[in-house]
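Fold and geometry: a report
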Amino acid sequence: MVFAHDTEAALLSAVALVNTAVEPDTLTSVEDLDGWYQEHGYTGRRDGDAAELAEVRALRPVLRELLVADRDRAAVLVNDLLADARALPRLVRHGDLDWHLHAVADDAPLVRRVAVETAMAVVDVVRTGEGSRLSVCADDGCDGLVLDLSRNRSRRFCSTACANRNAVAAYRARRRSR
């Protein structure tokens, strides 16, 4: 494990959220947001309405900027997000999860909780100098983000679709050159 469980979970959910904005947009309904919320194990307040969906959709470019920023810029963005949310880190334990950090109240709006949890995860990325684990997909036609948690840092594509597309293209190129 590269990072603590809560850091990995927050980074995975943030990357997944940002990647919903890659065409075709896959976060267009409250039901889509419900699916993302459940898949990534979020707890706490859910309004489940169009306003909440719009707020979370508007957060995607903010998180994208944070996740692809260089170390110094990421530190500034983290500090701004945490200050705006008046974050106050505390240890909590709930469900099947052991002690981990939360920095806003459980009844805070979802968009604030996502922003703060992502910012707290990026704190660990900055402190450990592991920013190279976050990158843009190696597929020339894709702007998706990649979180590489592999031991050998070999993940280059945001999805199996992008990886397969590139593998097929490389295979065809090799076949043509024979």
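Above this text sits the structure in question.
To keep things clear, this report deals only with the structure shown in the data block. (Residues numbered from 1 in each chain as written. Predicted model: local features only at pLDDT ≥ 70, side-chain atom pairs only at ≥ 80, totals over all residues. Heavy atoms only, no water.)

1. Concerning the overall build of the chain
- For the chain, the helix and strand inventory stands at 6 helices and 4 strands.
- Seen in sequence order, the chain has helices and strands lined up from the N terminus as α-α-α-α-β-β-α-β-β-α.
- In terms of overall dimensions, the chain is globule-like: its C-alpha atoms have a radius of gyration of 17 Å, near the 16 Å expected for 178 residues.
- Among the 178 residues that make up the chain, the fraction classed as buried is 37%.
- Once local pairs closer than 6 in sequence are excluded, the contacts in the chain between residues at least 24 apart make up 53%.
- Accessible surface, the chain: about 10300 Å² in total, of which carbon and sulfur atoms supply 51%.
- In the chain, which carries 24 positive and 28 negative side-chain charges, the distance between the mean positions of the two groups comes to 9 Å. (Helix = DSSP H or I, 4+ residues; strand = E, 2+ residues; numbered from the N terminus. Rg over C-alpha atoms; globule rule 2.2 N^0.38 Å. Buried < 20%, exposed > 50% of the residue type's maximum accessible area, 1.4 Å probe, protein only. Contact = heavy atoms within 4.5 Å. Areas by Shrake-Rupley, 256 points an atom, 1.4 Å probe, with all protein chains shown as cover. Lys, Arg positive; Asp, Glu negative; His and termini not counted. Charge placed at Lys NZ, Arg CZ, Asp CG, Glu CD.)

2. Let's talk about the pattern of salt bridges
- Considering all chains together, one arrives at 11 salt bridges under this definition.
- The salt bridge partner of R57 is D25, with a shortest N-O separation of 2.8 Å. Note that R57 is positioned in helix α3 (residues 50-68) and D25 in the loop between α1 (5-19) and α2 (30-39), a separation of 32 residues in sequence.
- Under the relative-accessibility criterion, D25 is labelled partly exposed at 22%.
- D98 is paired through a salt bridge with R93; the nearest N and O atoms lie 3.6 Å apart.
- Linked through salt bridges whose partners overlap, the residues forming this network are D25, R57 and R60. (Salt bridge = Lys/Arg side-chain N within 4 Å of Asp/Glu carboxyl O.)

3. Some words on the nonpolar core
- The biggest cluster of nonpolar side chains holds 42 residues, and the ones touching the most others in it are L11, L67, V114 and V122.
- When contributions to this core are tallied by element, the ones reaching two or more residues are α1, α2, α3, α4 (71-84), α5 (110-128) and β4 (145-147).
- With 11 residues, the single largest contributor to this core is α5.
- Sequence-distant contacts of V114, defined by excluding residues within four places in its chain, comprise L17, W36, Y42, L59 and L63.
- Ranked by size, the runner-up nonpolar core spans 6 residues in total, among them C142, V146, C158 and C162. (Core = buried A, V, L, I, M, F, W, Y, C linked by side-chain atoms within 4.5 Å.)

4. Things to note about the packing of aromatic side chains
- If you walk through the whole model with that rule in mind, you get 2 aromatic pairs.
- Site record: aromatic cluster; members linked through ring pairs are W36, Y37 and Y42. (Phe/Tyr/Trp six-rings, centres within 6.5 Å; stacked < 30°, edge-to-face > 60°.)

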